[in-house]
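Observations on the model geometry
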Amino acid sequence: MSVTPTVLYDSHNRPLEYVRLAVTDRCNLRCFYCMPEEGIQYVPRQELLTYEEMTRLVTLLAGLGVRKVRLTGGEPFVRRGLMGFIEQLTHIHGINDISLTTNGVLTAPHVPELARLGVRAVNLSLDTLDRARFHQITRRDELPQVLDTFYALLAAGIKVKINAVVMDGQNIQDLIPLAELTRDLPVEMRFIEEMPFNGGSHAATLPWNHRRIREHLEEHFGAFTPLPTPVGATASEYSVAGHQGSIGIIAAYSRTFCGTCNRIRLTAEGGLKTCLYDQGVLDIRAMLRGGSSDGDIVAALSNAFRYRAANGFEAESQRPLHQLSFESMSTIGG
């Protein structure tokens, strides 16, 4: 007799099937749209969740209906023992999709093992193909290493999505060259509205929203053909005539996709965020280290999901004024 999988719903009847798990808040790049040049104040290492704590938590979430785990950071590969942790995740009953987001600087040597472990997809952060601009944006000269990772992933048969943040006055000239990657390669090139989570490095504005990004690209490539959008997807996806790959545009600041959002976030220090724009709704680390039973943690998680904001604007309205720009995606979990 087959067993019907558990499905967990939030207060707006959206299924919660996907967790983005930050394994660290540390990063080896200093992208200006994420943090100031001097970096951010990282949490002490003992305050980060251990791999054992994360494994316990993912196991509990799998019991509630979570099926997909995406590992994020910071940069996941700056934390030692990551590959062993990924292998642990593969043994958790109910988890059938493990993927990760990386900047690609340290990733290439691990690609064969990622393929062996069944990692389905990797999101590669890459805002330009120009080495000088890469250095300007990230404050590090690491583009060759990132491209090594890109081609190693393709050679290993791992699905690649490239994420580029669209920044006025910084990389607009790079949008067309990045999109050109889809002509001969089976990749999804995704362009993301710049978000306000920059660690206080600059004021957040949105001169390039999702509509303007699409218009700019179509002026060069011609009209896009919309592709079916899977439930829970953040990107509006398009095919381009004559291209192997596809284009995605993510309205991360305009927040047009909240109605079908199926994901939750766990920060590296064990904070639960049911929306990217909320301030954290549950300190799970305190429960894990305070002797709470599995039942206690499941009950607390389920309760938090019952009070989830309807969208990112509602979540933001519940935060202290101006707090967003002083967070960094490195601490939230990119």
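Preceding this section is the structure that the text describes.
Thresholds applied
- Residues numbered from 1 in each chain as written.
- Predicted model: local features only at pLDDT ≥ 70, side-chain atom pairs only at ≥ 80, totals over all residues.
- Heavy atoms only, no water.
- Helix = DSSP H or I, 4+ residues; strand = E, 2+ residues; numbered from the N terminus.
- Rg over C-alpha atoms; globule rule 2.2 N^0.38 Å.
- Buried < 20%, exposed > 50% of the residue type's maximum accessible area, 1.4 Å probe, protein only.
- Contact = heavy atoms within 4.5 Å.
- Pairing = 2+ DSSP bridges.
- Axes fitted to C-alpha atoms, helices over the stretch in contact; angles between N-to-C directions.
- Phe/Tyr/Trp six-rings, centres within 6.5 Å; stacked < 30°, edge-to-face > 60°.
- Disulfide = S-S within 2.5 Å.
- Core = buried A, V, L, I, M, F, W, Y, C linked by side-chain atoms within 4.5 Å.
- Lys, Arg positive; Asp, Glu negative; His and termini not counted.
- Salt bridge = Lys/Arg side-chain N within 4 Å of Asp/Glu carboxyl O.
- Parallel < 35°, antiparallel > 145°, perpendicular 65-115°, else oblique.
- Left-handed = near helix turned anticlockwise from the far one by under 90°.
- Nonpolar A, V, L, I, M, F, W, Y, C, P; charged D, E, K, R; others polar.

Thoughts on the overall build of the protein
In terms of helices and strands, the protein carries eleven helices and twelve strands. In terms of C-alpha radius of gyration, the protein reaches 19 Å, essentially the compact-globule figure of 20 Å for 334 residues. Each of the three principal axes of the protein carries a C-alpha extent, and together these read 55 × 45 × 35 Å. Among the 334 residues that make up the protein, the fraction classed as buried is 55%. When contacts within the protein are restricted to residue pairs at least 6 apart in sequence, long-range pairs at least 24 apart make up 74% of them.

A look at the sheet that holds strand 7 (residues 225–226)
Spatial strand order, 7-8-9-6-5-4-3-2-1-10-11-12: twelve strands in an open sheet with mixed pairing. Each edge of the sheet is formed by a strand with only one pairing partner; in this case those strands are strand 7 and strand 12 (282–283). Each of strand 4 (121–125) and strand 5 (159–166) is contacted by helix 5 (residues 143–155), which is oriented at about 160° to strand 4, the strand it contacts most.

Focus on the packing of aromatic side chains
Within the structure shown, the criterion is met by four aromatic pairs. On the numbers, 5.9 Å between centres and 80° between planes, the contact of Phe32 with Tyr33 is edge-to-face. We classify Tyr33 as buried; its relative accessible area is 13%. With centroids separated by 4.9 Å and ring planes inclined at 55°, the aromatic side chains of Phe150 and Tyr151 adopt a geometry described as tilted. Accessibility expressed as a relative area gives 47% for Tyr151, which makes it partly exposed.

Digging into the environment of Gly248
Here Gly248 is to be found in strand 9 (residues 246–250). Relative accessible area serves as the criterion here: at 0%, Gly248 is assigned to the buried category. Expressed as a C-alpha distance, the spacing of Gly248 and Leu227, which sit 21 residues apart in the sequence, is 9.6 Å. With near-sequence residues (within four places) excluded, Gly248 lies in contact with Glu188, Met189, Arg190, Phe191, Ala235, Ser236 and Glu237.

Thoughts on the environment of Ile95
Inspection of the secondary structure assignment puts Ile95 in the loop between helix 2 (82–90) and strand 3 (97–102). Measuring from C-alpha to C-alpha, the distance between Ile95 and Val69 comes to 7.3 Å, with 26 residues separating the pair along the chain. Those residues in contact with Ile95 that lie beyond four places of it in its chain are Val58, Ala62, Val66, Arg67, Val69 and Leu89.

Description of the state of the cysteines
Counted under the stated rule, the structure contains zero disulfides. For the unlinked cysteine Cys34, the closest cysteine sulfur is that of Cys31, found at 6.5 Å. By relative accessible area, Cys34 is classed as buried at 12%.

Section: the nonpolar core
Within the largest apolar cluster, 86 residues are counted, with the highest numbers of intra-cluster contacts made by Leu61, Leu71, Ile86, Phe191, Leu217 and Leu301. If one sorts the elements of this core by residue count, helix 1 (residues 51–64) sits on top with eight residues. Those residues within four positions of Leu301 in sequence are excluded, and the remaining contacts are Leu57, Leu61, Leu64, Leu272, Leu282 and Ile284.

Notes on the pairing of strand 10 (residues 263–266)
Alternating positions in strand 10 separate into two faces, Arg263 and Arg265 on one and Ile264 and Leu266 on the other, with burial throughout. Relative to strand 11 (residues 271–273), strand 10 runs antiparallel, the two being bridged by two bridges. Its bridge partner being in strand 11, Leu266 is matched across the sheet by Leu272. Between strand 10 and the antiparallel strand that follows it, strand 11, lie four residues; Gly270 among them carries a positive phi value of about 90°.

What about the side chain of Arg70?
Among the structural elements, Arg70 can be located in strand 2 (residues 68–72). As a buried residue without a salt bridge, Arg70 has its nearest oppositely charged side chain in Asp97, at a separation of 6.6 Å.

Brief notes about unusual backbone geometry
Residues Gly73 and Gly74 are joined by a peptide bond in cis, for which omega reads 15°. With respect to the helices and strands, Gly74 occurs in the loop between strand 2 and helix 2. The residue Asn13 is not glycine, and still its phi comes out positive at about 65°. Along the chain, Asn13 falls in the segment before strand 1 (18–22). The exposure class assigned to Asn13 is exposed, which follows from its relative accessible area of 59%. One non-glycine residue, Arg255, lies in positive phi territory at about 60°.

Digging into the packing of helix 1 against helix 9 (residues 294–305)
When two helices pack together, their arrangement is given by the angle between the helix axes and the distance between those axes. Close contact between helix 1 and helix 9 brings their axes to 10 Å; oriented N to C, the two are set at 60°. As far as their axial angle goes, helix 9 and helix 1 are oblique. In terms of crossing hand, the pair formed by helix 1 and helix 9 is right-handed. The residues of helix 9 that touch helix 1, namely those facing Arg56, Leu57, Leu60, Leu61 and Leu64, are Asp294, Ile297, Val298, Leu301, Ser302 and Phe305. The residue inventory of the contact of helix 1 with helix 9, partitioned by class, reads eight nonpolar, one polar and two charged.

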